[in-house]
Amino acid sequence: MRKLIRRILMLTRDENFMHVIETVEVIVSKILSILMVLVILVAILDLGFFIIKEVLTTPYGYINTKLFHVFGLFLNILIALEILENITAYLRRHVFQVELVIVTSLIAVSRKIIILDLEKVRGVDIIGLGLAILALSMSYLIIRFSNSRGN
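Worth saying up front: this structure is predicted, and the values here are computed from it rather than measured.

A. Main features of the nonpolar core. If you look at the biggest cluster of nonpolar residues, it comprises nine residues: Met36, Ile40, Leu47, Phe50, Val70, Leu73, Ile77, Ala80 and Leu84. Residue contributions to this core peak at five residues, all from helix H3 (residues 64-93). Apart from the residues lying within four places of it in its own chain, the contact partners of valine 70 are Leu47, Phe50 and Ile51. One finds Leu106, Leu116, Leu129 and Ile143 within the second-largest nonpolar core, a separate group that totals seven residues.

This is how it looks when you write it as structure tokens:
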């Protein structure tokens, strides 16, 4: 029992505790990256099956109705790739790169706009998406400008 208490007290020292936390962070990041690769592979298979099914079953001239759905699936894969890049960048440098997070967010909002059904959306929603893109774009420019001045 004394050994266990002594071990717990040693873990609570700042440097030992931080080492344990960093180890847990790395393990979680690696698990997340493996799972994200699986998600990307499944999404690619889903996209391939969808395209094959739609090309073979949709009458000639009506593929445009499914085109936006295909674009949405492509952008889902790109968003997943960006998230994987965020995770791997964290594993390399042990910091979150805000620029990558903003780019991922821009892709996600762009995807939403591309697949948006304008007949079912209110004007307030469109204004909100526009403001989100404006804020993300300004954030991206500020970060790019500050990174270029810092280097």
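B. Molecular detail of the environment of methionine 36. Among the secondary structure elements, methionine 36 is positioned in helix H2 (residues 14-57). As for methionine 36 and leucine 84, which are separated by 48 residues in sequence, their C-alpha atoms are 6.2 Å apart. For methionine 36, the residues in contact, after removing those within four places along its chain, are Ala80, Ile83 and Leu84.

C. Geometry of the environment of valine 55. Position of valine 55 among the secondary structure elements: in helix H2. Sequence-wise, valine 55 and lysine 66 are eleven residues apart; in three dimensions their C-alpha atoms are separated by 9.5 Å.

D. Structural view of the pattern of salt bridges. With the rule as written, the count across this model stands at two salt bridges. Close ionic contact of arginine 144 with glutamate 99 constitutes a salt bridge, the shortest N to O distance being 3.1 Å. Separated by 45 residues along the polypeptide, arginine 144 in helix H5 (residues 123-150) and glutamate 99 in helix H4 (residues 98-114) bring together distant segments of the chain. For arginine 122, the salt bridge identified is with aspartate 125, shortest N-O distance 3.4 Å.

About the thresholds
Residues numbered from 1 in each chain as written. Predicted model: local features only at pLDDT ≥ 70, side-chain atom pairs only at ≥ 80, totals over all residues. Heavy atoms only, no water. Core = buried A, V, L, I, M, F, W, Y, C linked by side-chain atoms within 4.5 Å. Buried < 20%, exposed > 50% of the residue type's maximum accessible area, 1.4 Å probe, protein only. Helix = DSSP H or I, 4+ residues; strand = E, 2+ residues; numbered from the N terminus. Contact = heavy atoms within 4.5 Å. Salt bridge = Lys/Arg side-chain N within 4 Å of Asp/Glu carboxyl O.

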